[in-house]
Amino acid sequence: MTSQTDETTDLGDEGPDLHQRTAELFARMGTDDEVAKEVARNALVELHLPLAEYLARRFGNRGEPHEDLVQVATIGLIKAIDRFDLERGVAFSTYATPTIVGEIKRHFRDRGWTIRVPRRLQEIQSVISQAVSDLGQELGRSPTVAELAAKVGMSQEEILEGLESANAYSPLSLDAPDPAGEVGAVIEQLGDYDDALNAVVDRETVKPLLDALDARSKRILLLRFFRNMTQSQIAEELGISQMHVSRLLSRTLSDLRAKLEENQPA
């Protein structure tokens, strides 16, 4: 467990006992005994884990779980242990700190904001996140927008904008449960693609051409394509021969095709 002394100790200055123990373990890592090297390596990780935990807490309230940050910081610690050389003449914590911090920052860059937002909003969101944590502890409840604005010296509109931008960092999965509890998952609220949309442009394009047809041609098209009547049924309906219906239908469709081609953009 991390002690208060561990957290407040200057990260660039190890105490004499810690420094001596660290030097001894690194000396063991310099031997040819692989088992001894592995034991010493594990002991160094455990000995300096409070440093990794301390640095991980410095990056809290940025949208990542503390346990994940500690894990990333520990990876940075292990890298520092593997690369450290006693002959450098510096305390191990002085060498390890930038390595661990760099690993944490790389973690944030890799995960990043799912949706790119202006850096100004990213910075505002970071400030607001810290203010939410501080005010939450002071008030014992979630702060209001007005309280946040007063805390950080911003307008309420900027606070709302910053809070909204936080959704871009880790958007809700479509497979997540519906927050309102109305449907099983968020994806079930999304509408399906309407196949009828494909016909909208065609219908609007043909409409003025149909309006220009004579009454009999319009009626033949209506009976054939909207009422699904056969040519024989149309002939009987209009009191003309089926051959006449066939000729009128062919001529009307041919004229419509020709006019549609004329109206196509070059």
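In this text, all values refer to a predicted model and were calculated from it rather than measured experimentally.

With that out of the way, let us pick up the nonpolar core. Ranked by size, the top nonpolar core spans 27 residues in total, and within it Phe26, Leu77, Ile81, Phe92, Ile100 and Ile104 carry the most contacts. Going through the elements one at a time, helix 2 (16-29), helix 3 (34-57), helix 4 (66-83) and helix 5 (92-111) are the ones with two or more residues in this core. With 8 residues, the top contributor of residues to this core is helix 3. One finds Ile220, Met229, Ala235 and Leu256 within the second-largest nonpolar core, a separate group that totals 12 residues.

Here we come to unusual backbone geometry. Its identity as a non-glycine residue notwithstanding, asparagine 228 has a phi of 55°, on the positive side. Within the element layout of this structure, asparagine 228 appears in the loop between helix 10 (215-226) and helix 11 (231-238).

Before going further, it helps to spend a moment on the confidence of the model for the chain. Of all residues in the chain, 74% attain a pLDDT of 70 or more, and the chain-wide mean is 79. Throughout residues 1-13 the model reports pLDDT below 50, and contacts reaching past four residues in sequence, or to other chains, amount to 19 contacts.

This next bit is on the environment of leucine 209. Looking at the element boundaries, leucine 209 is found in helix 9 (residues 198-211). For leucine 209, a relative accessible area of 11% gives the class buried. Sequence-wise, leucine 209 and leucine 256 are 47 residues apart; in three dimensions their C-alpha atoms are separated by 6.9 Å.

Moving on to the packing of aromatic side chains. Applying the stated criterion to the full structure yields 4 aromatic pairs. With a centroid separation of 5.2 Å and 55° between ring planes, the pair formed by phenylalanine 26 and phenylalanine 92 is classed as tilted. You can see phenylalanine 26 sitting in helix 2 and its partner phenylalanine 92 sitting in helix 5, a full 66 residues away along the chain. Judged by relative accessible area, phenylalanine 26 falls into the buried class, the value being 8%. A centroid spacing of 5.5 Å and a plane angle of 50° characterise the contact between phenylalanine 84 and tyrosine 95, whose relative ring orientation is tilted. Here the residue phenylalanine 84 occupies a position in the loop between helix 4 and helix 5, and tyrosine 95 occupies one in helix 5, the gap between them amounting to 11 residues. Both residues of the pair, phenylalanine 84 and tyrosine 95, belong to the buried class. Within the aromatic cluster, the residues linked to one another by ring pairs are Phe26, Phe84, Phe92 and Tyr95.

Rules used throughout
Sequence order as written defines residue numbering, which begins from 1 separately in each chain. Two thresholds apply to this predicted model, a pLDDT of at least 70 for residue-level local features and 80 or more for giving and counting side-chain atom pairs, whereas whole-chain, interface and lining totals are computed over all residues. In computing side-chain properties, one takes all heavy atoms of the structure into account and sets aside hydrogens as well as water. The term nonpolar core refers to a set of buried residues drawn from Ala, Val, Leu, Ile, Met, Phe, Trp, Tyr and Cys, joined through side-chain atoms within 4.5 Å. Exposure classes here rest on a 1.4 Å probe applied to the protein chains alone. A residue is buried below 20% of its type maximum, exposed above 50%, and partly exposed in between. In this description a helix means any DSSP run of H or I spanning at least four residues, a strand means any run of E spanning at least two, and both kinds are numbered starting from the N terminus. Per-residue confidence from the predictor is reported as pLDDT, a score between 0 and 100. The contact definition used throughout considers only heavy atoms, calling two residues in contact when any of these lie within 4.5 Å. Here is the rule: rings of Phe, Tyr and Trp (six-membered ring for Trp) pair when centre to centre is within 6.5 Å. Planes less than 30 degrees apart are stacked, more than 60 are edge-to-face, and the remainder are tilted.

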